[in-house]
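What follows is each chain in one-letter form.
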Amino acid sequence: MAMAELGLKASYSKTHHRHLSLLSARCFPTKQRCAFGGLNNAHYYPTISSSLAPNQVQAQSVQSQEEVNSKHDDCFGVFCLTYDFKAEEETSSGKKLIKVAVSGAAGMISNHLLFKLASGEVFGPNQPIALKLLGSEKSFQALEGVAMELEDSLFPLLREVSIGIDPYEVFQDVEWALLIGARPRGPGMERADLLDINGKIFAEQGKALNAVASRNVKVIVVGNPCNTNALICLKNAPNIPGKNFHALTRLDENRAKCQLALKAGVFYDKVSNMTIWGNHSTTQVPDFLNARIDGLPVKDVIKDHRWLEEEFTEKVQKRGGVLIEKWGRSSAASTAVSIVDAIRSLTTPTPQGHWFSSAVYTNGNPYGIAEDIVFSMPCRSKGNGDYELVKDVVIDDYLRQRIIKTEDELLAEKRCVAHLIGEGSAICDLPGDTMLPGEM
Ligand SMILES: NC(=O)c1ccc[n+]([C@@H]2O[C@H](COP(=O)([O-])OP(=O)(O)OC[C@H]3O[C@@H](n4cnc5c(N)ncnc54)[C@H](O)[C@@H]3O)[C@@H](O)[C@H]2O)c1
C-alpha cells in the first residue's frame with residue numbers, strides 16, 4: 001500500500017470524525033490524537049503529510065510509538081500500533097483497497113453486515129477493505145463500540161476503519177455506500193412525517209455523495225421508506241448516474257422464494273427468477289407468474305392457484321410484520337444477508353436465464369412503468385457493478401393491476417417529497433398507510 005493511498009493531508013478536520021486505521025499512518029504522528037481517550041478527543045483531528053518516503057515514515061513511526069506508549073490514556077489498542085509496510089508488501093494481494101461506507105453503522109442490521117463485509121464474504125477473500133462508518137450524533141459512542149468489536153475480530157482484510165457523523169467526511173472517495181441509517185417511525189407518527197424526516201437525511205447524504213464520493217459509487221438504500229429515499233438521494237446527486245442507485249427489495253425476493261419453496265415442498269435453491277415489482281411496502285408485488293421452480297413455471301408446480309393469487313402475496317408482504325410480533329424487533333440478520341446478496345448480484349455475473357430484483361431508477365423501462373421513480377424490477381448483471389433490465393417477462397392483467405397499485409403509491413410518495421427533489425411544494429395525498437407495523 002503506497003503512502004499516497006492513505007490519503008494523508010496536512011489538515012485539521014473539525015468534525016466528530018475519527019480514523020481508526022489499521023494502516024495506522026493516521027495514528028502515529030507526534031501531535032495527532034488517533035486516540036480513543038474520550039469523545040472530546042475526536043472533535044479535532046489532525047492528519048499528517050504524505051510527502052515522506054516509507055522508510056522515513058517507519059522511522060517516524062518508531063519515535064511516535066514511544067510517545068504513544070507513554071500516553072496510554074490517549075490511545076486505543078491496535079490502532080495505536082505502527083503499521084509494518086514490509087509485511088504489507090509481502091502479503092499483498094495486489095488488489096486496491098475498496099472503500100465502503102455504511103450508514104446507521106451502530107444499528108441492528110449493520111451489526112450483522114459489517115462483520116460480513118470485513119470477513120471477505122462480500123467482496124471476496126483477497127479484497128482488502130476500508131470501512132467508513134456513519135452514525136448519528138446520538139449513536140457516536142455506540143459507533144466506537146462497533147469499531148472496538150471490529151478491532152477485536154482481527155480480520156486480515158480489514159485495513160482501515162473510520163467513524164464519523166459528517167457524511168461529507170465519511171463518504172470521501174467511497175466506491176460503495178450502503179445507506180441503512182434512518183429514523184424509526186415513532187408511535188403516532190404519520191407516514192408523511194416519516195417521509196419528510198428521513199427524506200431530509202437522504203437529501204443531505206445525496207449531496208454529500210455528489211460532492212465527495214467516487215464518481216462511480218454504487219449506492220444501496222436500505223433505510224425506509226427505501227424507494228423514495230433512494231429517489232431523493234439520487235436527485236440530490238446529479239453528478240452520479242441515476243443508474244448507480246438501488247433501494248433494497250432483495251429481502252422481499254428472498255422471502256417470496258422461501259414461501260414458494262415451502263408450498264411446493266422443495267428446497268429453496270430450486271426457486272429462481274423471482275421478481276419483486278414496485279415499492280418495499282405492503283403494495284409490493286411478488287411475481288409468481290414469471291418465477292420458476294426447478295426451471296418450470298410456478299403454476300405448473302403449485303396447482304393451488306387460489307393460494308398463489310390470494311395467500312402467497314400477502315404472506316410475503318406481511319412476513320416482516322409477523323417476524324416483529326415473534327421477535328419483538330424487526331429483521332436484522334436476514335436483511336444483512338439480503339444486502340450481501342444484492343451486492344454480490346452486482347459484482348458477479350448473473351447465471352444464464354436468471355435474474356434478481358432490485359429497486360432501480362426508471363429511465364426508459366420496457367414495462368410501461370412510470371418514469372422518474374425508484375421501482376423494483378428484474379435485473380441482470382455482468383458482474384461489473386452495473387445491471388440491465390430483463391426484457392422477456394410476461395405481465396398479465398392480474399400482475400398489471402397490482403403493479404399499477406404499487407406504482408400509484410410511489411408516485412404519491414414522490415409528490416409528498418417534491419420539496420426534497422427540486423419539484424416545488426409537496427402535496428401529500430398518500431393512498432393509504434401501507435407500512436408494516438414496526439418496519440419503519
Ligand atoms: N429495505 C429493507 O428490506 C429493510 C429491511 C429491514 C429494515 N429496513 C430499514 O432499515 C433501517 C435500519 O434498520 P435497523 O434495524 O438497523 O435500525 P436501528 O434503529 O437498529 O439502526 C438505525 C441506526 O441508524 C442511525 N441513524 C439515524 N439517523 C442517522 C443518520 N442521519 N445518519 C446515520 N445514521 C443514522 C441510528 O442512530 C441507528 O444507530 C430502518 O429504516 C428499517 O426500516 C429496511
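Computed from a predicted structure; not experimentally measured.

### Some words on the overall build of the protein
Move 1: Looking only at helices and strands, the protein has 12 helices and 17 strands in total.
Move 2: In the protein, 72% of the contacts between residues at least 6 apart in sequence involve partners at least 24 apart.
Move 3: A total accessible area of about 18,800 Å² is found for the protein, and carbon and sulfur atoms account for 52% of it.

### A short note on the nonpolar core
Move 1: Core analysis: the biggest nonpolar cluster contains 54 residues, and V100, L114, L117, L131, L133, L150 and W277 have the highest contact counts within it.
Move 2: Here this core spans two domains, and each of domain 2 (85–238) and domain 3 (250–420) adds at least three residues to it.
Move 3: Setting aside residues no more than four positions away along its own chain, L114 makes contact with V102, A105, L131, L133, V146 and L150.
Move 4: Core analysis: the second largest hydrophobic core is formed by 34 residues, V174, F245, V374 and I421 among them.

### Some thoughts on helix α3 (residues 108–119)
Move 1: Listed in full, the buried residues belonging to α3 are I109, S110, L113, L114, F115, K116, L117 and A118.
Move 2: In this structure, the buried side of α3 is in contact with β4 (98–103), β5 (129–134), α4 (140–152), β6 (158–164), β7 (176–179) and α11 (333–347).
Move 3: G120 occupies a position one or two residues after α3 and carries a positive phi of about 100°.

### What about the side chain of H246?
Move 1: Structurally, the position occupied by H246 is in strand β9 (residues 245–247).
Move 2: With a relative accessible area of 2%, H246 lands in the buried category.
Move 3: Among the polar contacts listed, one links the side chain of H246 to the side chain of S358, at a separation of 2.8 Å.
Move 4: Contacts of H246, omitting those with residues within four sequence positions, involve V219, I220, V221, A230, L346, S358, A359, V360 and Y387.

### A short note on the sheet that holds strand β10 (residues 271–272)
Move 1: Pairing is antiparallel in the open sheet, where 3 strands are placed in the order β10-β13-β14. Unpaired on one side and paired on the other, β10 and β14 (296–297) mark the two borders of the sheet.

### Details of the pairing of strand β15 (residues 356–361)
The side chains of a regular strand alternate between both faces of the sheet.
Move 1: Across the 6 residues of β15, 6 count as buried, placing the element largely inside the fold.
Move 2: Note that β9 and β15 share 2 bridges and pair antiparallel. Following the sheet pairing, A247 is matched in β15 by A359.
Move 3: Pairing between β15 and strand β16 (residues 374–380): 6 bridges, direction antiparallel. Its bridge partner lying in β16, Y361 is registered against V374.

### Observations concerning the environment of S345
Move 1: With respect to the helices and strands, the residue S345 is situated in helix α11.
Move 2: Since its relative accessible area comes to 9%, S345 is described here as buried.
Move 3: S345 sits 13 residues away from S358 along the chain, and the two C-alpha atoms are 9.7 Å apart.
Move 4: Those residues within four positions of S345 in sequence are excluded, and the remaining contacts are R250, T350, F356 and S381.

### Concerning unusual backbone geometry
Move 1: The step from N224 to P225 runs through a cis peptide bond, and the omega angle for that step is -5°.
Move 2: Tracing the chain through its elements places P225 in the loop between β8 (218–221) and α7 (226–235).
Move 3: With a phi close to 50°, L154 is a non-glycine residue in the positive phi region.
Move 4: Examined against the element boundaries, L154 turns out to sit in the loop between α4 and β6.
Move 5: Judged by relative accessible area, L154 falls into the exposed class, the value being 68%.

### Observations regarding the domain arrangement of the protein
Move 1: For the protein, the domain assignment lists domain 1 (3–73), domain 2 (85–238) and domain 3 (250–420).
Move 2: Between domain 2 and domain 3, the C-alpha centre-to-centre distance is 24 Å.
Move 3: Contacts between the two partners involve 31 residues from domain 2, matched on the other side by 35 residues from domain 3.
Move 4: Contact between domain 2 and domain 3 buries roughly 2,600 Å² in total, counting both sides, with carbon and sulfur atoms accounting for 73%.
Move 5: Interface area lost by domain 2 to domain 3 is led by V122, N227 and L231, which between them contribute 21%.
Move 6: Residue K235 pairs with D372 through a salt bridge whose shortest N-O separation is 2.8 Å.
Move 7: Seen at the junction of domain 2 and domain 3, the total is 8 residue pairs in polar contact (both at pLDDT 80 or more).

### Considerations on the UniProt feature "domain: Lactate/malate dehydrogenase C-terminal" (unreviewed entry) in the protein
Move 1: Cross-referencing UniProt, the feature "domain: Lactate/malate dehydrogenase C-terminal" (unreviewed entry) maps to residues 249–419 in the present numbering.
Move 2: In residues 249–419, helix accounts for 45% and strand for 16%; the two terminal C-alpha atoms are 25 Å from one another.

### Re the UniProt feature "domain: Lactate/malate dehydrogenase N-terminal" (unreviewed entry) in the protein
Move 1: Using the residue numbers shown here, the UniProt feature "domain: Lactate/malate dehydrogenase N-terminal" (unreviewed entry) corresponds to residues 98–246.
Move 2: In the segment residues 98–246, helix accounts for 41% and strand for 19%; the C-alpha atoms at its two ends are 19 Å apart.

### Focus on the state of the cysteines
In a disulfide, the sulfur atoms of two cysteines are covalently bonded to one another.
Move 1: Counted under the stated rule, the structure contains 1 disulfide.
Move 2: Free of any disulfide, C233 has its nearest neighbouring cysteine sulfur in C226, separated by 12 Å.
Move 3: Classification of C233 by relative accessible area gives buried; the value is 0%.
Move 4: Between C379, a free cysteine, and C226, which holds the nearest cysteine sulfur, the sulfur-to-sulfur gap is 14 Å.

### Side note on the packing of helix α6 (residues 191–212) against helix α12 (residues 397–416)
Move 1: Between α6 and α12, whose axes approach to 10 Å, the crossing angle comes to 60°. Put simply, α6 runs oblique to α12. Considering the relative orientation of α6 and α12, their crossing is right-handed. Only E409, E413 and C416 of α12 make contact with α6, whose side of the interface consists of R191, A192 and L195.
Move 2: Here the residues of the contact of α6 with α12 sort into 3 nonpolar, no polar and 3 charged.

Parameters and conventions
- Residues numbered from 1 in each chain as written.
- Predicted model: local features only at pLDDT ≥ 70, side-chain atom pairs only at ≥ 80, totals over all residues.
- Heavy atoms only, no water.
- Helix = DSSP H or I, 4+ residues; strand = E, 2+ residues; numbered from the N terminus.
- Contact = heavy atoms within 4.5 Å.
- Areas by Shrake-Rupley, 256 points an atom, 1.4 Å probe, with all protein chains shown as cover.
- Core = buried A, V, L, I, M, F, W, Y, C linked by side-chain atoms within 4.5 Å.
- Buried < 20%, exposed > 50% of the residue type's maximum accessible area, 1.4 Å probe, protein only.
- Domains from an automatic or database assignment.
- Polar contact = N/O pair within 3.5 Å; in protein donor to acceptor, adjacent residues only side chain to side chain.
- Pairing = 2+ DSSP bridges.
- Buried area = accessible area lost by both parts, 1.4 Å probe.
- Salt bridge = Lys/Arg side-chain N within 4 Å of Asp/Glu carboxyl O.
- UniProt positions renumbered as here; feature names shortened; annotations may be inferred.
- Disulfide = S-S within 2.5 Å.
- Axes fitted to C-alpha atoms, helices over the stretch in contact; angles between N-to-C directions.
- Parallel < 35°, antiparallel > 145°, perpendicular 65-115°, else oblique.
- Left-handed = near helix turned anticlockwise from the far one by under 90°.
- Nonpolar A, V, L, I, M, F, W, Y, C, P; charged D, E, K, R; others polar.

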